[in-house]
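Each chain is listed here by its residues.
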Amino acid sequence: MATAVMPKVFKNFINGEWVEARSGKAFENRNPANTDELIGMFCASTEEDVNNAVEAAKQAYKKWRLVPAPKRAEILFRAAELLVKRKADFARDMTREMGKVLAETRGDVQEAIDMTYYMAGEGRRLFGQTTPSELPNKFAMSVRQPIGVCGLITPWNFPMAIPSWKMMPALICGNTAVIKPAQDTPLSVYHLVQVLAEAGVPPGVANIVSGSGSRVGATLTKHPDVSVISFTGSTEVGRLIAEACAPDFRHHSLEMGGKNIILVMDDANLDLAVDGAVWGGFGTAGQRCTAASRVAVHKNVYKDFLERFVERTKALRVGNGLDSNTDMGPCINESQLKTVMEHVEIGKNEGAKPLTGGHRLEGGAYAKGWFHAPTIFGDCNPKMRITQEEIFGPVVAVMPMQSLEEGLEIANGVIYGLSASIYTRNVNRAFEAMRDLYTGIVYVNAPTIGAETHLPFGGTKQTGNGHREAAIAAIDFFTEWKTVYIDYSDRLQRAQIDTSGFGSISS
Ligand code: NDP
């Protein structure tokens, strides 16, 4: 008699132990390229699990904040080494759980490696300031202090990179953390935290509670012992998080949606621009916050660009990301696929010109997955819903433009402000665009995607709330300044100071 293979059950990680959810319930994680494949079962946690994890993090914080930062760094350094060793396996698991092609999932793990090494390096810096004091025999400085327990809420599209962007700076600064991974991609976060535990992160410093956003995520954002929330996801959920953090002024960093653009000028290298539009638009099946879902092309090269862009896109091979021949994988789930299909209909009804794709891929190798053909609409205008709304799928809207001035107006005419790019050989145009594009990231002669961990990452307007991830920006978010004045005169100084000509010392 054949025995059924039991799916692997992944538990929560609380206070250094793998524990079941108090509810005893679990949810499934399935491969979006082949929904017959069950990746594993994960805890459907409740408020009680969140409370336990936060309590563990609160207790661990008492000691972790006092561990010298270079010692905390040694642990992160060991974690980075483990990530390097397991990169190939972690990338494979990531492709299985969220569908993007292996080259991209390797890049995702690599970003986690880079971030971990980078933040380990910060353990020997964490610079503050020393400045001269207004008074004699007085020393003035400002030092960085950790804040406490951090709640980290992450999306599914960069399942290890984004969690590492939050976890590593939080820990190096002396905070402790509870992470809630997206339900579609919990496995990659398990790998990340497992590596931290093996590297020697003490119990309670890094905890995982998996489960739904509305239950686990919402509880985390309202918990009185959570001092910081770092969130990446949709603008809609980001707004809920800002509201939850507002009453007691909890620190919160929000990295949200995008509607990014590529501007192609008439002096651009068109081969480069077409290549950028293909990978910016259809890399990760368009499911990147930085995806180039809009392209505005100068009227003089519009026809030529469009022909080449459509031809290249038609040649893309869609399929299972584990297959080395695949260029583009599936949408993450049925609901995301439906959003894409609805927007294709919206585009058609608005009068945009369908040039390729525009339909779900079904049957054969596609029968068990959430695949959609890479889709281009031409002759769009900047007011259409498909040029305004984040679709988060393989749909690119192309618009003609008369001039750089018009291109900049189109670029800035959306509620988001994450990433933008310009293709031109004219250095003056490039600098003008760099100055006037109101986005957090600008690329010149490169697509809207790709980030380096030692540079700030994030967006303006409804993409973010003013904070940035990565680089020193992340250290700034995960620490608070403490200003310290040290008087070493042993005398009453106020009496000696003539304030008439040197400003007030009374404040
Ligand atoms: P969602 O906003 O749907 O979810 C993000 C995370 O929030 C998930 O873990 C989700 O849990 C959780 N969540 C959902 N509801 C709540 C709630 N009420 N309270 C607390 N947490 C909650 O985004 P997606 O995962 O679908 O990711 C796609 C979005 O992320 C896109 O808009 C994209 O642009 C944006 N993004 C932005 C980036 C940036 O840096 N600007 C980078 C990457 C993505 P659950 O798993 O249960 O849904």
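As a reminder, the structure under discussion sits directly above these lines.
Conventions and cut-offs
Residues numbered from 1 in each chain as written. Predicted model: local features only at pLDDT ≥ 70, side-chain atom pairs only at ≥ 80, totals over all residues. Heavy atoms only, no water. Helix = DSSP H or I, 4+ residues; strand = E, 2+ residues; numbered from the N terminus. Buried < 20%, exposed > 50% of the residue type's maximum accessible area, 1.4 Å probe, protein only. Contact = heavy atoms within 4.5 Å. Lys, Arg positive; Asp, Glu negative; His and termini not counted. Charge placed at Lys NZ, Arg CZ, Asp CG, Glu CD. Pairing = 2+ DSSP bridges. Right-handed = clockwise from strand over helix to strand, strands pointing away. Axes fitted to C-alpha atoms, helices over the stretch in contact; angles between N-to-C directions. Core = buried A, V, L, I, M, F, W, Y, C linked by side-chain atoms within 4.5 Å. Salt bridge = Lys/Arg side-chain N within 4 Å of Asp/Glu carboxyl O. Parallel < 35°, antiparallel > 145°, perpendicular 65-115°, else oblique. Nonpolar A, V, L, I, M, F, W, Y, C, P; charged D, E, K, R; others polar.

On to the overall build of the chain, then. Summing up its helical and strand segments, the chain has 14 helices and 22 strands in all. Taking the principal axes of the C-alpha coordinates as reference, the chain spans close to 80 × 75 × 40 Å. The proportion of buried residues among the 507 residues of the chain is 54%. Across the chain, contacts joining residues at least 24 apart in sequence account for 74% of those joining residues at least 6 apart. Counting 53 positive and 56 negative side-chain charges, the chain places the centres of these two groups 3 Å from one another.

This paragraph deals with the pairing of strand E20 (residues 441-444). Residues Ile-441 and Tyr-443 line the buried face of E20, whereas the alternating positions Val-442 and Val-444 sit on a face that is not buried. Taken together, the four bridges between strand E19 (residues 419-423) and E20 define a ladder with parallel strand orientation. Note that in E20 the partner of Ser-421 across the bridge is Tyr-443. Handedness of the crossover joining E19 and E20 through helix H13 (residues 427-436) is recorded here as right-handed.

For the rest of this paragraph, the subject is the environment of Arg-92. Tracing the sequence through the fold places Arg-92 in helix H2 (residues 69-98). You can call Arg-92 partly exposed: its relative accessible area is 42%. Along the primary structure Arg-92 and Arg-106 are separated by 14 residues, whereas in three dimensions their C-alpha atoms are 8.1 Å apart. With sequence-adjacent residues up to four places away left out, Arg-92 is seen in contact with Leu-102 and Leu-322.

The strands that make up a sheet pair up through hydrogen bonds in the backbone, lying either parallel or antiparallel. On the basis of which strands lie adjacent, the open sheet formed by three strands has the order E1-E5-E4 and mixed pairing. Either end of the sheet is taken by a strand with one partner, and the two such strands are strand E1 (9-10) and strand E4 (26-31). Pairing of E1 with strand E5 (residues 34-43) involves two bridges; the strand directions are parallel. By the bridge assignment for E5, Val-9 is matched with Met-41. Against the sheet, helix H5 (residues 186-199) makes contact with E1, E4 and E5, and its axis sits at roughly 50° relative to E5, the strand it touches most.

This paragraph deals with the nonpolar core. Counting 71 residues, the largest nonpolar core has Met-119, Met-167, Leu-171 and Leu-196 as its most contacted members. The greatest single-element share of this core, amounting to eleven residues, is contributed by H2. Aside from chain neighbours lying at most four places away, what touches Met-167 is Leu-152, Ala-177, Ile-179, Val-193, Leu-196 and Ala-206. Core analysis: the next-biggest nonpolar cluster, separate from the first, contains 30 residues, Ala-33, Ala-268, Val-278 and Phe-282 among them.

Bringing the pattern of salt bridges into the picture now. A complete count under the given rule lists 25 salt bridges for this structure. Among the salt bridges present, the one from Asp-476 reaches Arg-144, with a minimum N-O distance of 2.9 Å. Residue Asp-476 is found in helix H14 (residues 471-477), and its partner Arg-144 is found in strand E7 (residues 138-145); the two are separated by 332 residues along the sequence. Given a relative accessible area of 39%, Asp-476 falls into the partly exposed group. Salt bridges linked by common partners bring Glu-37, Asp-93 and Arg-96 together as one network.

The subject of this paragraph is the packing of H2 against helix H4 (residues 161-172). Remark: H2 packs on H4, axes separated minimally by 9 Å, with the N-to-C direction vectors making an angle of 150°. Judged by the angle between their axes, H2 and H4 are roughly antiparallel. Within the contact between the two elements, H2 uses Ala-69, Arg-72, Ala-73 and Leu-76 and H4 uses Met-168, Leu-171 and Ile-172. A breakdown of the residues in the contact of H2 with H4 according to their chemical character gives six nonpolar, no polar and one charged.

Moving on: the environment of Pro-163. On the secondary structure map, Pro-163 appears in helix H4. A residue is classified by how much of its surface remains accessible, and Pro-163, at 0% relative accessible area, is buried. Spatially, the C-alpha atom of Pro-163 lies 13 Å from that of Thr-453, the residues being 290 residues apart in sequence. Excluding residues that lie within four positions of it along the chain, Pro-163 makes contacts with Thr-154, Phe-158, Ile-179, Val-189 and Leu-192.

With that settled, consider the sheet that holds strand E14 (residues 294-298). Read from one edge to the other, the open sheet built from seven strands follows the order E15-E16-E17-E14-E13-E19-E20, with strand pairing classed as mixed. Of all strands in the sheet, those bounded by a partner on one side alone are strand E15 (353-356) and E20. Taking each pair of neighbouring strands and ignoring which way they run, the sheet shows an average axis angle of 20°. Looking at chain direction, strand E13 (residues 261-264) and E19 are connected through four bridges and run parallel. Residue Ile-262 lies in a different strand from E19, and its bridge partner there is Ser-421. Along the sheet face, helix H8 (residues 270-282) touches E13, E14, strand E16 (375-378), strand E17 (395-401) and E19 and points at about 170° away from the line of E13.

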